[in-house]
Amino acid sequence: MKKTTTSMLALVIAGAYALPAMAAPAPAPAAAAAGDDEGGAIIVTGTRTTGMKAADSPAPIQILGSDMLKRTGSPDMIQSLAQNLPQIQAQGFGSDLAALSPAMKLRGLSPNHTLILVNGKRRHGTANLNVSGGPFGGGAAPDTSYILSDSVDHVEVLTDGAAAQYGTDAIAGVVNFIQKKANHGGVLNVTGGHYMDQGGGNYDISGNIGIEPTEGMYLNITAETKYKAHSFRGDIDPRVSGSNATAVGNLAKYPALTSAANYPYVNRISGDPEVKQTVASYNAGYEWSDFEVYSFGSYGKKIARAFENYRTPAQVVSAAGVPLFSTGFSPLEEIEETDYQVTGGFKGAISDTHFDLATQFSKDQIGVNTQDSANAEYYKAYGVTPTQFHNGDFATTMWDSTLDLTRSVDVGLAGPLNIAAGLEYRRESYQIKAGDPASYYGGGAQSFFGYGPTNASYHSRRNFAQYLDLSIKPVDKWLVDGAVRHEHFSDFGDTTVFKLTSRYDFTPAVAIRGTVSTGFRAPTLAEEYYSGINVGPSSISGVLQANSAAAQSLGFSGLKPEKSTSFSAGLVLNPLPKLTITIDAYQTTIRNRIIISSSFYGFRGSYCPSTYYNAAGTSPTLSGCVANYSQDLYNLYNQSAVYNAVSTALGGAIPSYIQTNTGTGGFNTSGSVAVQTFANGVDMRTRGIDFMATYPTELPAGLGRVDWSLSANYNDNKVQKIAALPSALYTSTTNPTASALISRYDVSNLQDTTPKFRATLGGFWKVGKFSANLRESFYSASALLTTATSGADFREHIKAAFITDLELDYDLFKNVKLAVGANNLTNHYPTKISYEAIRAGYLASGSSSYATQYPSFSPYGINGGSYYGRVTVKW
């Protein structure tokens, strides 16, 4: 820790007491409902000034009231936010475990770049690391499904870098969930819905109650239980249906296939997982004089199951060749998750200085299982195999303690000098526990290789931070706010970040504002220490721990922190009474951004060794080898350094069947060994413009009132630099881009899969007992560079789309409301994956990939429209 920074902080706090003091500001009142006509809602995010109104904020901030969250019809918090704010994109569809813990991103950046707060306190991240590529890859951000809509009074979304104010990882912005403090009344919501097409049936039962156990005390309790069934949006599986050679051969050998469940749509991987979740939370406090003791927390359980690729009978057979499953099987990946967080604090005012002292502890533990599966190698060796496997556990903990001090001092200028300073100590841990031995024996459980002793580990780190925030009005129309934050990480050392924000009001109708800030995001412990291997019927692919000896043998030196620089400039306009318009342009540059690398190969059987080729470069005796052999291709796909690294990760050996064809004893041309790791892979720049306009309209002739809103976001992500490939890895002599740290396809995933333009027009009409809420959202086109079945590059597109959401409400009785609604009212689907360029080849070759019809990067999902009904009872 740098003593100079600590001394500076101590002197500033001491000086605040010595200066002449103004009267103590009143405690911040409860925030007004979102949509306040005069922009008078009090905010606590993006400023340390007590009593700041949203309309006067020097930084762009948007407020969503609890009613707005409920009018989406979705019990999922991410979807509620994404449907209202174009700057937020919800993960539409995930692969493997990523499908079971959906995430969100702000302004197209990683989920890790947005800081999630509850009542101004940091929320812990999930233990379920997203190991896929693209903008959601590496995500270990908080799972907001454990934050209940009925517990939230309103949400404050700060779309501006705030690392110097709240934590060095708040590069994209901050989402602060402010919970209800009511000590009376309550609400019960019962919601049920279904996709307009097959599957996805769901229900949600939630309730909130306010209690006053004693005078001056509030206890607000919320509970929710919800369920969502599987959906399916796939196609037939050409391995078991059709006239291609694969299907003909399988049906001839295994005639019982036609009686498989859902035949010929046996591959159910394309669809939503099944989710059961129950959560309870509370917010409590006792207030007397200028002081308050408070506590809030949550406890939840989630069980989620996702289908993986269907396995044919040939994939689990005995030593004599007899299949275990005559109709094949569809493995399920399952998580059993327990998540809790408890916070306690004491705040108040002493001698005109406000203080807030708090501590909190949290844990997220996830048990990973594979169901309805088998271990092929175990079955061959012993003649039996489990069909249910416990693959291992992930766990993450956080202990976080903070002290925040604020004081206003009259220094003879147009406004007081607002001084805020604070300290934070945080300890985090991340653990992987080994699973059942049968889950990682030999080739491992089908669909998900278990975590063995070589993967198991426990790691922790400590962080100590201190900040200073000064805000002042030199003249009546000019506000200046500056913040500096110093942090010390036990594993990364020291960093200091800054933020300077200013706003100038020319007139009550016109103001300008701008910000410059820096950020520093240390890798999550999950990014640093995750280790996992997936073993398929003929291949091994894995993610090496970034800080492991195996990764170091390939030339990777462990992860470094990301660093960022952000700029923004905006206008706040009030051209008409009640009409508010904000326009903010921004740019964020992130250096050393952490991504998951491309796959590097230690063995790829289709690139056969030269001994199998004749002088013409063809293989007269071995089918399955690529044509036009070259030494460069063989070197690229058969790197001994990679093979040895994967062997080390597996405990010293790779199953022999990966390289050897068990039927002939010859070369296994379908086998492969590949590995990825997390690395500081790219420098990225994000540029964009946010637009927001609100206007309430009183209709004539007693027709009520309409609250209009129009929000839009233009966002462009650009990969500016790709880090060099470590020297231990082979660089192609004919096409160096083929051996880059990340491929051009990965670059496209980072840049192109987020729509560059989104806009949402909303109208809420209330007349008498009836109300209607309409949202019309526009998504511009998005794309992904991929490979056609011919081997050529192909750009997969999702066309621009309008998505309509509608909810109708009626007050049946004084305290009873009925609502019906639809999300994606016109049942619009994303553009299908090209049949001509991609899926026709899958069909002809009998590939399981044919079953996937829609691109997984769809910004509005792959399930089409849904409808729902809700009954609300208040008291």
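A quick note: this is a predicted structure, and the numbers were derived from the prediction, not measured. (Residues numbered from 1 in each chain as written. Predicted model: local features only at pLDDT ≥ 70, side-chain atom pairs only at ≥ 80, totals over all residues. Heavy atoms only, no water.)

## Comments concerning the overall build of the protein
If you tally the helices and strands in the protein, you get 13 helices and 34 strands. Against the globule reference of 29 Å for 875 residues, the protein gives a C-alpha radius of gyration of 29 Å, in line with a compact fold. When the backbone C-alpha atoms are referred to their principal axes, the protein occupies close to 90 × 65 × 50 Å. Accessible area of the protein: about 33700 Å², with a carbon and sulfur share of 59%. (Helix = DSSP H or I, 4+ residues; strand = E, 2+ residues; numbered from the N terminus. Rg over C-alpha atoms; globule rule 2.2 N^0.38 Å. Areas by Shrake-Rupley, 256 points an atom, 1.4 Å probe, with all protein chains shown as cover.)

## A look at empty space enclosed by the protein
Scanning the entire structure with this criterion turns up 13 cavities of 30 Å³ or more. For the lining of the second largest cavity, the elements supplying multiple residues, two or more each, are β4 (114–118), β15 (389–409), β16 (417–434) and α8 (525–529). Per-element tally for the lining of the second largest cavity: the top contributor is β16, with four residues. (1 Å grid on protein atoms, 1.4 Å probe; cavity = no way out; pocket = protein on both sides within 12 Å on 5 of 7 lines; lining within 4 Å. Points joined across faces, edges and corners; volume = space filled by probe spheres on them.)

## Quick notes on the pairing of strand β9 (residues 202–211)
The sheet contact formed by strand β8 (residues 186–195) and β9 spans eight bridges and is antiparallel. Counterpart to Asn-189 in the pairing with β9 is Ser-206. Between β8 and β9, which follow one another and run antiparallel, lie six residues, and Gly-199 among them has a positive phi close to 80 degrees. In this structure, β9 lies alongside strand β10 (residues 217–228), joined through ten bridges in antiparallel fashion. Looking at the pairing, Tyr-203 lines up with Tyr-227 of β10. Counting the residues that bridge the hairpin from β9 to β10 gives five residues, and of these Gly-216 lies at a positive phi of roughly 90 degrees. (Pairing = 2+ DSSP bridges.)

## Observations concerning the pattern of salt bridges
Summed over the entire model, instances satisfying the criterion amount to 37 salt bridges. Note that Arg-122 is salt-bridged to Glu-424, the shortest N-O span being 4.0 Å. Residue Arg-122 is located in strand β5 (residues 121–122), and its partner Glu-424 is located in strand β16; the two are separated by 302 residues in the primary sequence. Of the two residues examined, Arg-122 and Glu-424, each falls in the buried class. Salt-bridge contacts for Lys-766 lead to Asp-811; the nearest nitrogen and oxygen are separated by 3.1 Å. Placement of Lys-766 in strand β28 (residues 757–767) and of Asp-811 in strand β32 (residues 801–813) is noted, with a sequence separation of 45 residues between them. Overall, the relative accessible area of 18% leaves Asp-811 in the buried class. By sharing partners, the salt bridges in this structure join Arg-122, Asp-169, Glu-424, Arg-426, Glu-428, Arg-461, Arg-485, Glu-487, Asp-491 and Glu-528 into a single network. (Salt bridge = Lys/Arg side-chain N within 4 Å of Asp/Glu carboxyl O. Buried < 20%, exposed > 50% of the residue type's maximum accessible area, 1.4 Å probe, protein only.)

## Examining the nonpolar core
Across soluble globular proteins, nonpolar side chains have a tendency to be buried as a group. Among the nonpolar cores identified, the biggest contains 27 residues, and Leu-81, Val-155, Val-175 and Phe-177 are the most heavily contacted of them. Of all the secondary structure elements, the ones that give two or more residues to this core are α3 (77–84), β2 (88–90), β3 (104–106), β4, β6 (152–158), β7 (173–179) and β12 (291–307). The leading source of residues in this core is α3, at four residues. Setting aside its immediate chain neighbours within four residues, Val-155 contacts Gln-62, Ile-63, Leu-64, Leu-69, Leu-81, Val-175, Asn-176 and Phe-177. (Core = buried A, V, L, I, M, F, W, Y, C linked by side-chain atoms within 4.5 Å. Contact = heavy atoms within 4.5 Å.)

## Observations regarding the confidence of the model for the protein
Per-residue confidence for the protein averages 89 on the pLDDT scale, and 92% of its residues sit at or above 70. Scored below 50 in pLDDT, residues 1–38 shows 62 contacts in the model against residues more than four places distant or in partner chains. (pLDDT = per-residue confidence, 0-100.)

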